[in-house]
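Structural characterization, general
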Amino acid sequence: MTSATDDAAAIATSADILVVGAGPAGAAAAAHAAAGGADVLLLDAATFPRDKTCGDGLTPRAVRALENLGMTDYLAGRPRIRGLELNGWGAQQRVPWPASRFGPFGSAVARTEFDDDVRRFAVDRGARMATGKAVDTERDGDRIASVIVAHGAERTAVRVNQVIVADGVRSTLGKVLGRQWHRDTAYGVAGRSYVASERADDEWMGSHLELRDPDGGLLPGYGWVFPLGDGTVNVGVGALATAKRPAAMQLRPVLEHYVRMVGDDWRFTSGPERIASALLPMGGAVSGVAGRNWLLIGDAAACVNPLNGEGIDYALETGRMAVELLADSRDHTQAWPALLRAEYGTAFAAARRAAGLLTMPKTVPVLGRPGIRSAALMSTVVRVMGNLLTPEDTDLIARAWRGSGAAFSRFEDRPPFT
């Protein structure tokens, strides 16, 4: 990355486009908008670099989104991940990323580094950076006229033309604007850590579909080991839950147990460090994602794979999609959720249904024990978990997945993004 002079300055009092949140979604939106000549203010409550609970993996879809952003050389010298090493019920399958328009390789970069690099790229493109928390708005009819930004005890009103809300899973500003998270569909809880490993340069991401607690109980989730190429790996566990079947698990003991379980295979040379956890709305399970001159993207819009919590590729994509919509739409209230549904709706509906089934205790072994031994089935699993299915795909598996998603959407009380 180039070195940018981007220390956050005093809050500006106006911007054509205010982007709230400088994670991958917001930074990508700011970079795309600034490259198009817009006056962009990128705002975040944190001082970068900052940490973020995540598996740190980049799917081939995320790699392609980085290239589309203009960060074509960013991953040079970083891990080239060929696919997933799937484990469970005494079996293992190494499954390369299935063929797709996104390319054959993924990667992995710690979010402390990745988020700061994408943010700096946006600043290099011309976005202005400021530190502060968007806490409220001033309205002019159904438009946001100004966003109130808190910086310590100070409050500043930033006059805006358009607002892109990318402030993450909790989305403080999104809540002010009416965003609601619906927990009746599947959501995720996850914990991650960093461990020194002699396999830190491995070409495969480890994934364990048979996740157990320290007492041997089977959990509705999975474990991962993602090599970072710097002497460490990201080791984590995630579980699925719904309002009716909440995740009754203590993440830290499960994570520590998982680290012990895979330690010999991955040749760990340290214990887990920097343990952190997060709660994830997934699969578009939110309503109130847009208004006349504002819209939510990335995690704030629950653009997260309901089966594994992957969302970096969707974050980068929705940043681009949002900027493109601003140029074509005078009122985003219906246009933005319709666009999200067209791009992700059927895939999210199918994955939400599958994730809901996996929260039922007996489903995981019934499907997992025979499934892990089928190379064809595991290739499909990797295709789904890697977000490699798109509306343009016309093969039998893609058509079946979209068809099931369309059917589930018709019967869901609340389809994605409504």
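Look up a bit, the structure's there.
**What to know about the overall build of the protein chain**
A count of helices and strands for the protein chain gives 10 helices and 19 strands. Projected onto the principal axes, the alpha-carbon positions of the protein chain cover approximately 60 × 50 × 40 Å. Buried residues in the protein chain amount to 57% of all 418 residues. If you take every contact in the protein chain between residues at least 6 apart in sequence, the share linking residues at least 24 apart comes to 73%. When the accessible surface of the protein chain is summed, it comes to about 17,000 Å², and 50% of that surface belongs to carbon and sulfur atoms. Each charge sign in the protein chain was given a centre, from 46 positive and 47 negative side chains, and these centres are 6 Å apart.

**Describing the nonpolar core**
Counting 77 residues, the largest nonpolar core has Leu66, Val163, Ile164, Leu295, Ile297 and Trp336 as the members making the most contacts within it. When residues of this core are assigned to their parent elements, the largest contribution, nine residues, is made by helix 6 (residues 312–328). Each residue touching valine 163, except ones within four places of it in the same chain, is listed here: Leu18, Val20, Ile144, Val147, Leu173, Asn293, Trp294 and Leu295.

**Observations concerning helix 5 (residues 251–262)**
In this model, helix 5 (12 residues) spans 16 Å end to end at C-alpha, consistent with the 16 Å of a helix rising 1.5 Å per residue. Among all positions in helix 5, only Leu251, Val254, Leu255, His257, Tyr258, Val259 and Val262 are buried.

**A word on the packing of aromatic side chains**
Aromatic rings in a pair are described by how distant their centres are and how their planes are angled relative to each other. Considering all chains together, one arrives at eight aromatic pairs under this definition. Ring centres of tryptophan 181 and tyrosine 187 lie 5.6 Å apart, and the angle between their planes is 90°; this geometry places the pair in the edge-to-face category. By way of ring pairs, the aromatic residues Tyr314, Tyr344, Phe348 and Phe417 are connected into one cluster. Taking the ring centre of phenylalanine 105 as reference, the NZ or CZ of arginine 80 above it sits at 3.7 Å.

**Brief notes about the environment of glutamate 138**
Along the chain, the position of glutamate 138 falls in strand 8 (residues 133–140). On the basis of relative accessible area, glutamate 138 is assigned to the partly exposed category, the value being 40%. Along the backbone, glutamate 138 and isoleucine 148 are 10 residues apart, and their C-alpha atoms lie at a distance of 7.4 Å. The residues contacting glutamate 138, other than those within four sequence positions of it, are Arg143, Ile144, Ala145, Ser146, Ile148 and Ala157.

Conventions and cut-offs
- Residues numbered from 1 in each chain as written.
- Predicted model: local features only at pLDDT ≥ 70, side-chain atom pairs only at ≥ 80, totals over all residues.
- Heavy atoms only, no water.
- Helix = DSSP H or I, 4+ residues; strand = E, 2+ residues; numbered from the N terminus.
- Buried < 20%, exposed > 50% of the residue type's maximum accessible area, 1.4 Å probe, protein only.
- Contact = heavy atoms within 4.5 Å.
- Areas by Shrake-Rupley, 256 points an atom, 1.4 Å probe, with all protein chains shown as cover.
- Lys, Arg positive; Asp, Glu negative; His and termini not counted.
- Charge placed at Lys NZ, Arg CZ, Asp CG, Glu CD.
- Core = buried A, V, L, I, M, F, W, Y, C linked by side-chain atoms within 4.5 Å.
- Expected span 1.5 Å × (residues − 1).
- Phe/Tyr/Trp six-rings, centres within 6.5 Å; stacked < 30°, edge-to-face > 60°.
- Lys NZ or Arg CZ within 6 Å of the ring centre and 35° of its normal.

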